[in-house]
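# An overview of the molecular structure
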Amino acid sequence: MQLKPINQQVVSVVGASSGIGRITALEFARRGAKVVVSARSESKLKSLVEEIRSFGGEATFYVADVEVFEQVKAIADKTVEVYGRLDTWVHVAAIGIFATVDNTTPEEFKHVIDVDLMGQVYGAMAALPHLKREGRGALIHVSSMEGRRSLPYQSAYSAAKHGVEGFIEAMRVELQYQKWPISVTSVKPAVINTPFWNNGLTKLGVKPTGIPPYYEPKLVADAILYAAEHPTRDYLVGDVAKILDVVQRLSPSLVDSLLVLLGLDLQRTSEAKSEDAPNNFYQPVTEDDRVNGDYGNLVVPSVSDWLEKNPLLQWGAIAGTLALAFLAVQVFKKEA
């Protein structure tokens, strides 16, 4: 399976108004791709297109809500209308609610599923006919490490991301069976310093935070751009994502215990915030078009993401990670 060089691609980035989606669109444009960006906020999309055009890039925008299939289909159709084809579809759009299960309403839970899972399903359904017409291309779905390991206070988001993983796996096999040379990638970031933590609906009484450490949004954008040129099944972004994935496979009960001990408290800041505070759960926060969030002081580099692009060195790192995870499980068993 061969994908086009980025400078020859037409790329649609869904959920591009801020955070990972915004930096991803900028990086595609800087590398010479023609980009169509979409989100719910027209003002944020306009500022993004202006930024891309300011350095000579080509971009257009389309306002859409991923809960509505017809609007998602219109993004793909607009891409082909403006640039003649679609080569890569990147789906980033997501919302979050921070609350215990018994403090989440059925309507709120369903809303997260509609945006974070069904939006991704709609994206693939809208993009596939155009990719098949071209005879190749890439579907890149930004999932989460929570698609492998759920977190407390984020049951709806975790459920949606688990659903995304199941959907992607089934679709990938169908495309392989039908012999379509379409790459399907699940990008699973660890905790990323984006406005997601600022803009989510919180019922914790305080401003939420991810479990540190954090990683830069550009790290995820780099993974997405890599997958757009190199067919990749799964891409775990951030050292912690890879370590957590291994430990979860070896001993889910160890992860349970660590989350009970630390995971809930570490998601709560000391800054009071009510559920009536501005959030993007139902409507966009129009003035917030940042790439980075408020937790830059907790950002660390990721060695494993560099190794991901250097396969010769990768196996040694994997062996080391497995050894560390195995030792951690043994220590836990001795203490239990």
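Scope of this entry: the structure provided in the associated data block. Just so we're clear, the structure is a prediction, and the values are computed from it rather than from any experiment.

As a further point, take the overall build of the protein. A tally of helices and strands in the protein yields 11 helices and 11 strands. Along the three orthogonal principal directions, the C-alpha set of the protein runs to about 60 × 50 × 35 Å. For the protein, with 336 residues in total, the buried portion stands at 54%. In the form shown here, the protein has an accessible surface area of approximately 14700 Å², with 57% of it arising from carbon and sulfur atoms.

The next subject is helix 8 (residues 239-250). Taking 1.5 Å as the rise per residue, helix 8 with 12 residues should run 16 Å; its terminal C-alpha atoms sit 17 Å apart, in good agreement. All buried positions along helix 8 are accounted for by Asp 239, Ala 241, Lys 242, Asp 245, Val 246, Val 247 and Gln 248.

What follows deals with the side chain of Gln 120. Summarising the element assignment, Gln 120 is placed in helix 4 (residues 106-134). The contact partners of Gln 120, leaving out residues within four places of it in the chain, are His 91, Val 115, His 141, Val 142, Lys 161, Val 164 and Phe 167.

On the surface, a nonpolar cluster with roughly 280 Å² of combined accessible area is contributed by Leu 261, Leu 262 and Leu 266. With respect to the helices and strands, Leu 266 occurs in the loop between helix 9 (252-263) and strand 11 (268-272). With a relative accessible area of 36%, Leu 266 lands in the partly exposed category.

So, on to the pairing of strand 6 (residues 137-142). Across the six residues that make up strand 6, a large majority, six, are buried. In this structure, strand 4 (residues 88-91) lies alongside strand 6, joined through four bridges in parallel fashion. Each bridged residue has a counterpart across the sheet, and for Trp 89 the counterpart in strand 6 is Leu 139. Where strand 6 meets strand 7 (residues 182-189), six bridges bridge the pair, whose relative direction is parallel. Following the sheet pairing, Ala 138 is matched in strand 7 by Ser 183. A crossover connection joins strand 6 to the parallel strand 7 through helix 5 (residues 155-177); in handedness this β-α-β unit is right-handed.

Rules and cut-offs
Residues numbered from 1 in each chain as written. Predicted model: local features only at pLDDT ≥ 70, side-chain atom pairs only at ≥ 80, totals over all residues. Heavy atoms only, no water. Helix = DSSP H or I, 4+ residues; strand = E, 2+ residues; numbered from the N terminus. Buried < 20%, exposed > 50% of the residue type's maximum accessible area, 1.4 Å probe, protein only. Areas by Shrake-Rupley, 256 points an atom, 1.4 Å probe, with all protein chains shown as cover. Expected span 1.5 Å × (residues − 1). Contact = heavy atoms within 4.5 Å. Patch = residues over 30% accessible without salt bridge, like charges linked within 9 Å, V, L, I, M, F, W, Y side chains within 5 Å. Salt bridge = Lys/Arg side-chain N within 4 Å of Asp/Glu carboxyl O. Pairing = 2+ DSSP bridges. Right-handed = clockwise from strand over helix to strand, strands pointing away.

Taken by themselves, the reported measurements are silent on function.
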